[in-house]
Amino acid sequence: GDSVTQMEGPVTLSEEAFLTINCTYTATGYPSLFWYVQYPGEGLQLLLKATKADDKGSNKGFEATYRKETTSFHLEKGSVQVSDSAVYFCALSGGYSGGGADGLTFGKGTHLIIQP
Amino acid sequence: NAGVTQTPKFRVLKTGQSMTLLCAQDMNHEYMYWYRQDPGMGLRLIHYSVGEGTTAKGEVPDGYNVSRLKKQNFLLGLESAAPSQTSVYFCASSGGDTQYFGPGTRLTVL
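Because the structure is predicted, anything quoted here is derived from the model rather than measured. (Residues numbered from 1 in each chain as written. Chains lettered and ligands numbered in written order. Predicted model: local features only at pLDDT ≥ 70, side-chain atom pairs only at ≥ 80, totals over all residues. Heavy atoms only, no water.)

**Structural notes on the overall build of chain B**
And step 1. Secondary structure assignment for chain B yields zero helices and 11 strands.
And step 2. In sequence order, the secondary structure elements of chain B are arranged as β-β-β-β-β-β-β-β-β-β-β.
And step 3. Taking 2.2 N^0.38 as the reference for a compact globule, 110 residues should give roughly 13 Å; the C-alpha atoms of chain B span a radius of gyration of 13 Å, in line with that estimate.
And step 4. Each principal axis of the C-alpha atoms in chain B carries an extent, and together these give about 35 × 25 × 25 Å.
And step 5. Looking at chain B residue by residue over its 110 residues, the buried ones come to 50%.
And step 6. A sequence separation of at least 24 residues applies to 54% of the contacts in chain B between residues at least 6 apart.
And step 7. Per element, the accessible surface of chain B, about 5,200 Å² overall, is 52% carbon and sulfur.
And step 8. A distance of 9 Å separates the average location of the 10 positive side-chain charges in chain B from that of its 8 negative side-chain charges. (Helix = DSSP H or I, 4+ residues; strand = E, 2+ residues; numbered from the N terminus. Rg over C-alpha atoms; globule rule 2.2 N^0.38 Å. Buried < 20%, exposed > 50% of the residue type's maximum accessible area, 1.4 Å probe, protein only. Contact = heavy atoms within 4.5 Å. Areas by Shrake-Rupley, 256 points an atom, 1.4 Å probe, with all protein chains shown as cover. Lys, Arg positive; Asp, Glu negative; His and termini not counted. Charge placed at Lys NZ, Arg CZ, Asp CG, Glu CD.)

**Here we look at the sheet that holds strand β8 (residues 73-78) of chain B**
All names here are of chain B.
And step 1. Taken together, the four strands give an open sheet; going across it, the order is β1-β3-β8-β7, and neighbouring strands pair in antiparallel fashion. Two strands bound the open sheet, and with one partner strand each, they are β1 (4-7) and β7 (64-67). Ignoring strand direction, the axes of neighbouring strands in this sheet form an average angle of 20°.
And step 2. Sheet topology places β1 next to strand β3 (residues 19-25); four bridges connect them, and they run antiparallel. Paired with T7 across the strands is L22, a residue of β3. (Pairing = 2+ DSSP bridges. Axes fitted to C-alpha atoms, helices over the stretch in contact; angles between N-to-C directions.)

**Regarding the sheet that holds strand β7 (residues 56-59) of chain A**
All names here are of chain A.
And step 1. Taking strand neighbours across the sheet as the criterion, the four strands line up as β3-β9-β8-β7 in an open arrangement whose pairing is antiparallel. The outermost strands of the open sheet, each flanked by one partner alone, are β3 (19-21) and β7. The mean inter-strand angle of the sheet, taken between neighbouring strand axes irrespective of direction, is 15°.
And step 2. When strand β8 (residues 62-65) meets strand β9 (residues 75-77), the two strands line up antiparallel, connected through three bridges. Within the sheet, the bridge partner assigned to A64 lies in β9 and is L75.

**Some points on the packing of aromatic side chains**
And step 1. In the structure shown here, the tally under the stated rule is 12 aromatic pairs over all chains.
And step 2. Where F106(A) meets F101(B), the ring centres are 6.1 Å apart and the plane angle is 70°; that geometry is what we call edge-to-face. Taken together, the residues F106(A) in strand β11 (residues 104-106) and F101(B) in strand β10 (residues 99-101) connect one chain to another. Of the two residues examined, F106(A) and F101(B), each falls in the buried class.
And step 3. An aromatic cluster of three or more residues is present, and its members are F34(A), Y36(A), F89(A), F106(A), Y33(B), Y35(B), Y48(B) and F101(B). (Phe/Tyr/Trp six-rings, centres within 6.5 Å; stacked < 30°, edge-to-face > 60°.)

**Some remarks on the environment of W34(B)**
Residue and element names in this part refer to chain B.
And step 1. Mapped onto the elements, W34 comes out in strand β4 (residues 31-38).
And step 2. Accessibility expressed as a relative area gives 0% for W34, which makes it buried.
And step 3. Separated by 59 residues in the primary sequence, W34 and S93 place their C-alpha atoms 9.1 Å from one another.

**As for the interface of chain B and chain A**
And step 1. Each partner contributes to the interface: chain B provides 19 residues, whereas chain A provides 20 residues.
And step 2. When the two sides are added together, the surface that chain B and chain A hide from each other amounts to roughly 1,500 Å², 55% of it contributed by carbon and sulfur.
And step 3. Taken as a group, L43(B), D97(B) and F101(B) account for 35% of the area that chain B buries against chain A, more than any other trio of residues on that side.
And step 4. Where chain B packs against chain A, one counts four residue pairs in polar contact (both at pLDDT 80 or more).
And step 5. Those elements giving two or more residues to the side of chain B that touches chain A turn out to be β4, β5 (42-49) and β10 of chain B. (Buried area = accessible area lost by both parts, 1.4 Å probe. Polar contact = N/O pair within 3.5 Å; in protein donor to acceptor, adjacent residues only side chain to side chain.)

Encoded structure:
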């Protein structure tokens, strides 16, 4: 079945540091890929997505590129802020059908801590 | 625009009790989902629905039932709660490949 593997946390960085959170996936077919963010005590919010190979998703200074050859979707940000502290989830949908009807497969989440 | 709402926000049950979690969405989405989130496990799909009157099992359906009598509502039921069902439950809805999540229900089973 489909699976998502992301780096374990917590990841602790200083403000203005460069961020990379690795994500690799296993899926049959052509999945869509997502990064969701969860702030303390809240639900998940979509951060960015990419629906086909070589697409780059971006939002709020975060970027991730859908790499089919390496089955990866690593999250990057050039200069992190204290407000970026949260749990980040990599996810995929529709490995078979390309659609989202049958739910998302999530990684275990990476807890990011940004220190001032 | 409320998006996805969940009721209740918190609940404590005793083993063997039953309860129903309510999810409502106002985005006219066809697809709705129930997930549970446990420490170190990410989110796992319990049940989902691709339209009014339809439901299907996800990855961890045992001990749960669901109903989708109205398009905007998706109910998750626990018939006889067990301590292993202590978790945070999230509902989501989707009109395509992007899912929108509710704020969650924290359930403790003693």
